[in-house]
Amino acid sequence: QVQVVESGGGSVQPGGSLRLSCAASGFTFSSYVMNWHRQAPGKQRELVATIFTTGYANYADSVKGRFAISRDNAKNSVFLQMNNLKRDDTAVYYCQANGLGGEYWGQGTQVTVSS
């Protein structure tokens, strides 16, 4: 059974940091491209960061230089380190796996940036 579970969300002041984690099981994690998306209230879901099976990463312009995606294939996990957080980063963050077997989504974790 496929599971994708995010954790690490919470409330933080502007300028603060959070590290999101995503634990996956039920598929060959190392063969899947892993993505972090986010959706703010009243807005469309946005692709934030992608890490390919090679370890190469891509970022949305809005988070470049502030966020870093990484993966640990031995632990079937992907991470999103978020630094210098801004109010506009407030959203539900979703982990997504994309590969030959299809795509799998987590339930999301809330990140709130507020003073």
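For the structure itself, consult the block above.
What counts as what
- Residues numbered from 1 in each chain as written.
- Predicted model: local features only at pLDDT ≥ 70, side-chain atom pairs only at ≥ 80, totals over all residues.
- Heavy atoms only, no water.
- Helix = DSSP H or I, 4+ residues; strand = E, 2+ residues; numbered from the N terminus.
- Rg over C-alpha atoms; globule rule 2.2 N^0.38 Å.
- Disulfide = S-S within 2.5 Å.
- Buried < 20%, exposed > 50% of the residue type's maximum accessible area, 1.4 Å probe, protein only.
- Pairing = 2+ DSSP bridges.
- Salt bridge = Lys/Arg side-chain N within 4 Å of Asp/Glu carboxyl O.
- Polar contact = N/O pair within 3.5 Å; in protein donor to acceptor, adjacent residues only side chain to side chain.
- Contact = heavy atoms within 4.5 Å.

Comments concerning the overall build of the protein chain
Each helix and strand in the protein chain was counted, giving zero helices and 11 strands. Going from N to C terminus, the protein chain has its helices and strands arranged as β-β-β-β-β-β-β-β-β-β-β. Relative to its length of 115 residues, the protein chain is compact, with a C-alpha radius of gyration of 13 Å against a globular reference of 13 Å. Overall size of the protein chain, expressed as C-alpha extent along the three principal axes, is 40 × 25 × 25 Å.

Considering the state of the cysteines
Applying the stated criterion across every chain, the model contains one disulfide. What pairs with Cys22 in a disulfide is Cys95, and their sulfur atoms sit 2.1 Å apart. Looking along the S-S bond of the Cys22-Cys95 disulfide, the torsion reads about -80°, which is the left-handed sense. In this pair, Cys22 is assigned in strand E3 (residues 18-25) and Cys95 in strand E9 (residues 91-99), connecting sequence segments 73 residues apart. No difference in accessibility class separates Cys22 from Cys95, as the two residues are buried.

Examining the pairing of strand E8 (residues 77-82)
In terms of burial, E8 is a largely internal element, five of the six residues being buried. Bridge analysis of E3 against E8 gives six bridges, and the strand direction is antiparallel. Directly across from Leu18, in E8, lies its bridge partner Met82. Note that strand E7 (residues 67-72) and E8 share six bridges and pair antiparallel. If you follow Ala68 over to E8, its bridge partner there is Gln81.

Some points on the pattern of salt bridges
Inspection of every chain in the model, using the stated rule, returns four salt bridges. Salt bridges here are not isolated pairs; linked through shared partners, they connect Arg38, Glu46, Arg66 and Asp89.

Looking at the side chain of Ser77
Relative to the helices and strands, Ser77 resides in strand E8. Accessibility expressed as a relative area gives 10% for Ser77, which makes it buried. A polar contact of 2.9 Å, which involves the side chain of Ser77, links it to the backbone oxygen of Lys75. Contacts of Ser77, omitting those with residues within four sequence positions, involve Cys22, Ala23, Phe29, Ser70, Arg71 and Asp72.

It is worth stressing that arrangement in space is one thing and function is another; only the former is reported here.
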